[in-house]
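Summary of structural features
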Amino acid sequence: MNERDSEMMLAQLQRAGHTIATNEKSADVVILNTCSVREQAEIKAIGKAGYLTRMKRTNPNFIIGIVGCMAENLGESIFQRNSAIDFVVGPQRLHELVEVIENGGKNLRIGESKSTKSDQDFSYRLKKFNGTAFVSIMEGCNMRCSYCIVPKTRGKERCRPVDEIVSEVEFLAKNCVKEVTLLGQIVNKYIGMETVTGGGKATFVQLLERIHEISGVERIRYMSPHPRYFSDDLISAHRNLPKLCPAIHLPVQSGSNRVLKSMGRTYGREKIFEIVEKLRTAVPEIGISTDIIVGYPGETEEEFLETVSLFDAVRFNMAFIFKYSPRAGTRSAELADDVPEDEKERRNKVLLERVGEVSLLYNQRFVGKITDVLVEGHAKRGKNIMFGWTPNHHKVLFSATENDIGKIIHVKIDGFATTVLLGTIVD
Ligand code: 5AD
Ligand code: SF4
């Protein structure tokens, strides 16, 4: 979501006549787009801002701003932490950025947007073309997961009207975008009724069907769904809509019903088993990944082992494991953060090892097969080595040229190295 917001900010600034600097040292303005989900992310951003404000010594016109969730979360106190910071803009006010930069002086823009104008100006989106684009379908979140800062930073749920989303995807498709990823805190809660600008009405599945009809779009992904709203018609959509990619990121958070209840997740582990079984029946090769929090307040060894047993039963091929981090203002911050750091670390490692074993086997299934890959760009290793993604959301490295960026090509998978597949183009 932050990536999409950064893209939108760049587009706004370019439209207003600004140019993108090639590196931070040559920039007159640096904007740090931040995350507040865990404390570590905030510590990093504050540290980076401290480092960057030193640039004011050599360039007195240098401007530095903090935007995104940390801006919203810490607000004015950011100026107290570092008085050299020029502006602080929350995620709901990013469309005011040009005005803020051109205003000069200290600016604090947090809280809900006063403007009724949609910040979804998509006509300037194609900053870097690589065939794939994020499309926001809703912003904010009305859930109250006990550990989560997002409802505070991103505000109440607001769904964009269907027609606006469809126009955006049509525009992207006309400009050679082949893959769209629909974004929202809970995409499958999309109802298209509370809108930013008025208009449309639809369920998430209807929206998927509308997008599926758009010619030029070859792949559709979405992130993230919430287990509670994972309906049978969404599972059927995976069977019926060939463009819908066979890869799902389904944040589960814990395998213990006691912990899930305390987290306010509104489902139990049985629901996860049910969704996964139905999904695998509909699409046997589907990739399923997840988010897990270890060391949530009061999480006992037995409760942790329930997460391990859920891992063993579900066999996620990828998982982000997070060590619980109390966030001030959330409900769980009132509970004692009583799992020691080294125990959180151990639990983290146990799950990572588990998922590593499964992902190895999952990767092996693709060796020798020919798969579609959307070429995204240069890989870090080697000059003509490119990377791209399979429909199952595997990253693949292969030799190709810049001309292939943005194309869907056929690649034979020869092997793999930890998390990436290695292949050769076959046409
Ligand atoms: N501590 C640790 N992890 C968290 N997440 C959200 N809030 C916290 C927190 N306070 C994780 C969840 C979520 C992902 C984006 O970040 O797993 O799905
Ligand atoms: Fe946070 Fe829960 Fe909303 Fe996800 S669903 S953004 S974890 S409050």
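Values in this document were obtained by computation on a predicted structure and should not be read as measured data.

Remarks on the sheet that holds strand 3 (residues 87-89)
- Spatially, 1-2-3-4 is the arrangement adopted by the four strands of the open sheet, whose pairing is parallel. Where the open sheet ends on each side, the last strands, each with one partner, are strand 1 (29-34) and strand 4 (107-109). Taken over all neighbouring pairs, the strand axes of this sheet differ in orientation by 15 degrees on average, direction set aside.
- Across six bridges, the pairing between strand 1 and strand 2 (residues 63-68) is parallel. Residue L32 lies in a different strand from strand 2, and its bridge partner there is I66.
- Helix 1 (residues 2-15) rests against strand 1 and strand 2 of the sheet, and its axis sits at about 155 degrees to strand 1.

Quick notes on the packing of helix 7 (residues 162-174) against helix 8 (residues 204-212)
- The N-to-C vectors of helix 7 and helix 8 enclose an angle of 30 degrees; their axes lie 10 Å apart at closest approach. Between helix 7 and helix 8, the crossing angle belongs to the class labelled roughly parallel. Of the two possible hands of crossing, helix 7 and helix 8 adopt the one that is right-handed. In contact with V162, D163, I165, V166 and V169 of helix 7, helix 8 contributes L207, R210 and I211.
- Residues belonging to the contact of helix 7 with helix 8 are distributed by class as follows: six nonpolar, no polar and two charged.

A word on the site of ligand 1
- Taken together, V37, R38, Y147, Q253, D291, I293, F322, K323, Y324, S325 and R327 form the complete shell of residues around ligand 1.
- Contact distances for ligand 1 include 3.1 Å between a nitrogen atom and a backbone N or O atom of Y147.
- Within the side chain of Q253, one N or O atom sits 2.6 Å away from an oxygen atom of ligand 1.
- Relative to its free-state accessible area of 400 Å², ligand 1 is covered by the protein chains to the extent of 86%.

Considering unusual backbone geometry
- S224 follows M223 through a cis peptide bond whose omega is -10 degrees.
- Along the chain, S224 turns up in the loop between strand 9 (219-223) and helix 9 (232-240).
- A positive phi angle, near 75 degrees, is found at Q253, a position not held by glycine.
- Within the secondary structure layout, Q253 lies in the loop between strand 10 (247-249) and helix 10 (257-263).

A short note on the packing of helix 12 (residues 301-314) against helix 13 (residues 341-364)
- Relative to each other, helix 12 and helix 13 sit at 15 degrees, their axes nearing to 10 Å. Looking at the two axes, helix 12 sits roughly parallel to helix 13. Between helix 12 and helix 13 lies a crossing whose hand is right-handed. Contact residues: helix 12 offers E301, F304, T307, V308, F311 and D312, while helix 13 offers E343, R346, R347, V350, L351, R354 and V355.
- Taken together, the residues of the contact of helix 12 with helix 13 break down into six nonpolar, one polar and six charged.

A short note on the sheet that holds strand 5 (residues 132-136)
- Pairing is parallel in the open sheet, where three strands are placed in the order 5-8-9. Bordering the open sheet on either side are strand 5 and strand 9, each of which pairs with just one other strand. Pairs of neighbouring strands in the sheet enclose a mean axial angle of 25 degrees, with direction left out of account.
- Note: strand 8 (residues 179-183) against strand 9, five bridges, orientation parallel. In the strand pairing of strand 9, T181 is matched with R221.
- Helix-sheet contacts for helix 7 involve strand 5 and strand 8, and the interaxial angle to strand 5 is about 170 degrees.

A few points about the pattern of salt bridges
- Scanning the entire structure with this criterion turns up 29 salt bridges.
- Across the pair K278 and E274 runs a salt bridge whose closest N-O atoms are separated by 3.2 Å. With K278 and E274 both in helix 11 (residues 269-282), this residue pair falls four residues apart, about one helical turn.
- Classification of K278 as partly exposed rests on a relative accessible area of 29%.
- Taking the shortest distance from any N to any O, the salt bridge between D312 and R354 comes out at 2.8 Å. Taken together, the residues span a long stretch of sequence, with D312 in helix 12 and R354 in helix 13 at a distance of 42 residues.
- Classification of R354 by relative accessible area gives partly exposed; the value is 28%.
- The structure contains a network of salt bridges with shared partners spanning E299, E301, E343, R346 and R347.

Quick notes on the site of ligand 2
- All residues in the neighbourhood of ligand 2 are listed as C141, M143, C145, Y147, C148, V150, P151, Q185, I186, H226 and R265.
- Class assignment of the residues belonging to the shell around ligand 2 gives a composition of eight nonpolar, two polar and one charged.

Here we look at the confidence of the model for the protein chain
- The predicted model of the protein chain averages 91 in pLDDT, with 94% of residues at 70 or higher.
- Counting contacts from residues 193-202, a segment whose pLDDT is below 50, to residues more than four positions away or on other chains yields 31 contacts.

Basis of the calculations
- Residues numbered from 1 in each chain as written.
- Chains lettered and ligands numbered in written order.
- Predicted model: local features only at pLDDT ≥ 70, side-chain atom pairs only at ≥ 80, totals over all residues.
- Heavy atoms only, no water.
- Pairing = 2+ DSSP bridges.
- Helix = DSSP H or I, 4+ residues; strand = E, 2+ residues; numbered from the N terminus.
- Axes fitted to C-alpha atoms, helices over the stretch in contact; angles between N-to-C directions.
- Contact = heavy atoms within 4.5 Å.
- Parallel < 35°, antiparallel > 145°, perpendicular 65-115°, else oblique.
- Left-handed = near helix turned anticlockwise from the far one by under 90°.
- Nonpolar A, V, L, I, M, F, W, Y, C, P; charged D, E, K, R; others polar.
- Near = heavy atom within 4 Å.
- Polar contact = N/O pair within 3.5 Å; in protein donor to acceptor, adjacent residues only side chain to side chain.
- Areas by Shrake-Rupley, 256 points an atom, 1.4 Å probe, with all protein chains shown as cover.
- Salt bridge = Lys/Arg side-chain N within 4 Å of Asp/Glu carboxyl O.
- Buried < 20%, exposed > 50% of the residue type's maximum accessible area, 1.4 Å probe, protein only.
- pLDDT = per-residue confidence, 0-100.

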